[in-house]
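Structural description and commentary
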Amino acid sequence: MSAEFYKNFPSKKFLLNIAKVTNRLNQIGNGKLAGQAYEEMRERVRQHEKDKKFRLDFDGFKQVRLAVAVVAQEPGQLKRTIDNGCWADFIKQIQNFIQDDTSQKERICKYLLRLYYQHYFTFDKSNLDFLKNEKSVLLSYLKQLLADYNGRNQMCVQARNHSDFVSGNWAKVLLQFEEKTLTEIEQQLCLNTEQEIFKKFRILRLLQRIEGLRANESNARVSTLFKDVLESRHAPSYIKSRTLLEHVVHLLLNKCMKATSMVQSWQDFVFEVGDPRASRHQLVWHRIGNDQKKWLISLLSQGDLREFLETMTDGQDEEIYKYRKQFWLQYVDYAKNAKIMLGKIALRRLKQNNPEMAKRFISSPETYSRLNESERSCVYIEFESFCVIEGTHSAKLRI
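The present account deals with the structure reproduced in this document.

About the thresholds
Residues numbered from 1 in each chain as written. Predicted model: local features only at pLDDT ≥ 70, side-chain atom pairs only at ≥ 80, totals over all residues. Heavy atoms only, no water. Helix = DSSP H or I, 4+ residues; strand = E, 2+ residues; numbered from the N terminus. Buried < 20%, exposed > 50% of the residue type's maximum accessible area, 1.4 Å probe, protein only. Contact = heavy atoms within 4.5 Å. Areas by Shrake-Rupley, 256 points an atom, 1.4 Å probe, with all protein chains shown as cover. Axes fitted to C-alpha atoms, helices over the stretch in contact; angles between N-to-C directions. Left-handed = near helix turned anticlockwise from the far one by under 90°. Nonpolar A, V, L, I, M, F, W, Y, C, P; charged D, E, K, R; others polar. Pairing = 2+ DSSP bridges. Salt bridge = Lys/Arg side-chain N within 4 Å of Asp/Glu carboxyl O. Core = buried A, V, L, I, M, F, W, Y, C linked by side-chain atoms within 4.5 Å. Phe/Tyr/Trp six-rings, centres within 6.5 Å; stacked < 30°, edge-to-face > 60°. Lys NZ or Arg CZ within 6 Å of the ring centre and 35° of its normal.

**A short note on the overall build of the protein**
Within the protein, the regular secondary structure consists of 22 helices and four strands. Here the protein holds 399 residues, and the buried ones make up 44% of them. Looking at the protein alone, contacts between residues at least 24 apart form 66% of all its contacts between residues at least 6 apart. About 22,600 Å² of surface is accessible on the protein, with carbon and sulfur atoms providing 50% of the total.

**A few points about the packing of helix H14 (residues 196-211) against helix H15 (residues 220-231)**
Relative to each other, H14 and H15 sit at 145°, their axes nearing to 11 Å. Crossing handedness for the pair H14 and H15: left-handed. Of the residues in H15, those touching H14 at Arg202, Leu206, Arg209 and Ile210 are Leu225, Phe226, Asp228, Val229 and Glu231. For the contact of H14 with H15, the residue count by class is five nonpolar, no polar and four charged.

**Concerning the pairing of strand E4 (residues 387-391)**
With five bridges joining them, strand E3 (residues 378-382) and E4 adopt antiparallel strand pairing. Paired with Ile381 across the two strands is Val388, which belongs to E4. Between E3 and E4, which pair antiparallel in sequence order, lie four residues.

**Description of the sheet that holds strand E2 (residues 369-370)**
Read across the sheet, four strands follow the order E2-E1-E3-E4 without closing on themselves; strand pairing throughout is mixed. Two strands in the sheet have a free side with no partner beyond their single neighbour: E2 and E4. Here strand E1 (residues 337-342) runs beside E3; their pairing, made up of five bridges, is antiparallel. Bridging from a neighbouring strand, Asn337 pairs with Glu382 of E3. Relative to the sheet, helix H19 (residues 290-311) contacts E1 and E3, its axis offset from that of E1 by approximately 40°.

**Thoughts on the pattern of salt bridges**
When the charged atoms of two side chains with opposite charge come close together, those side chains can pair. Inspection of every chain in the model, using the stated rule, returns 21 salt bridges. Put simply, Arg46 and Glu74 hold a salt bridge, and the shortest N to O gap is 3.8 Å. Here the residue Arg46 occupies a position in helix H3 (residues 36-50), and Glu74 occupies one in the loop between helix H4 (61-73) and helix H5 (77-83), the gap between them amounting to 28 residues. In this structure, Glu246 and Arg287 form a salt bridge, with 2.6 Å as the shortest nitrogen-oxygen distance. With Glu246 in helix H16 (residues 244-259) and Arg287 in helix H18 (residues 282-288), this pair connects stretches of sequence that are 41 residues apart. Look at Glu246 and you get buried, because its relative accessible area is 5%.

**A few points about the nonpolar core**
Counting 55 residues, the largest nonpolar core has Trp87, Ile94, Ile108, Leu112, Tyr116, Tyr117 and Phe165 as its most contacted members. Discounting chain neighbours no more than four positions away, the residues touching Leu112 are Val68, Ile91, Leu138, Tyr141, Leu142 and Leu145. Val222, Ala235, Leu245 and Val273 belong to the second-largest nonpolar core, a separate cluster that totals 29 residues.

**Observations regarding the packing of aromatic side chains**
For the structure on display, the rule yields 21 aromatic pairs. Considering the side-chain rings of Phe58 and Phe97, the 6.0 Å spacing of their centres and the 75° angle between planes classify their relative orientation as edge-to-face. One end of the pair, Phe58, is in the loop between H3 and H4; the other, Phe97, is in helix H6 (residues 87-98), and 39 residues separate them in sequence. Phe58 gets classed as buried once you look at its relative accessible area, which sits at 11%. Ring centres of Phe177 and Phe201 lie 6.4 Å apart, and the angle between their planes is 80°; on these two criteria the pair is classed as edge-to-face. A residue pair is termed long-range when its members are at least 10 positions apart, and Phe177 in the loop between helix H12 (170-176) and helix H13 (182-188) and Phe201 in helix H14 qualify at 24 residues. Each member of the pair, Phe177 together with Phe201, is buried. Every member of this aromatic cluster is reached through a ring pair, and the members are Trp87, Phe90, Tyr116, Tyr117, Tyr120, Phe123, Phe165, Trp170, Phe177 and Phe201. The cationic tip of Lys200 hangs over the ring face of Tyr238; the distance from NZ or CZ to the ring centre is 3.7 Å.

Everything listed is a geometric property; what it means functionally is a separate question.
This is the structure we're talking about:
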């Protein structure tokens, strides 16, 4: 019994909690500031946020550090400073105080670099020109500080040695660290997993590996990759307002469309965003892409029709059903959409012959329908430019 206990130790939950505690200790170690001097500087920064002509009037390096801490720590402070057009002046006032003092340049480098890493997403709205300018204000000063940096802080040393990481030259960074694990990268660059620049790198790395998959590739590596995506499913992908999961689904469907097929493991993963035939998931599928949505609906409809025709009988005349199945199987591959509507007897028979399909049928009322009749059932099939409705037992359609 003890051997079994140690076999499952440390548990994933234990490791996750350790990671959270470590990150919290890192934050404390990185000097999250408070106190009366901090409160006074917070008021001055807020005054400057409202009026960029307001002078912060630093009288020592401690006040510069406090000002950077206020912008880094206070919720929304950085965004307000940027939105009000005060960010460039904020940096300029720091530069004017630091000037060419080597010691102070090395000290402020650490705090500005940490601010940049922690709030990377704020500066990373590349589609907004004014944010490009705000980012360049900080980056140009940081690059200057790092180029002259001879201090001992390892985060700054590594940033100086890996300028592409700081600049966001992600293609080069991804190639440079391709063989390293995320933990190794975190340790080498002296980052922590809560910093936004690290989150950005992790997302881009996941997307790069998804793009490198072969259509319908299925192995342990792919399973791990899918699991990693699901753990960050709501993270931004930075592409067309899609979440990470939505963009990964978009990429996978593109591969499957070229291959004209999709294996079950990929379909199960794609369904993490929801069935494209259900109305409640239409906004998600709009972001993923209309072409991808149409192709998947067609594939699912064709699969449903084949499974239905192979499973069901009409319960009365096997010979008639045989010819009906032979007829429709010729055209299944051309179906763009389909909906199966079963009466009570047919649904009961489906439960007996194909419990898995019956389970899907009952749990997805928007995708499949149950008719309030004992015998009669219908199938709706949509082709490229016309649709067909076929019913059993003298079915009639009112138009």
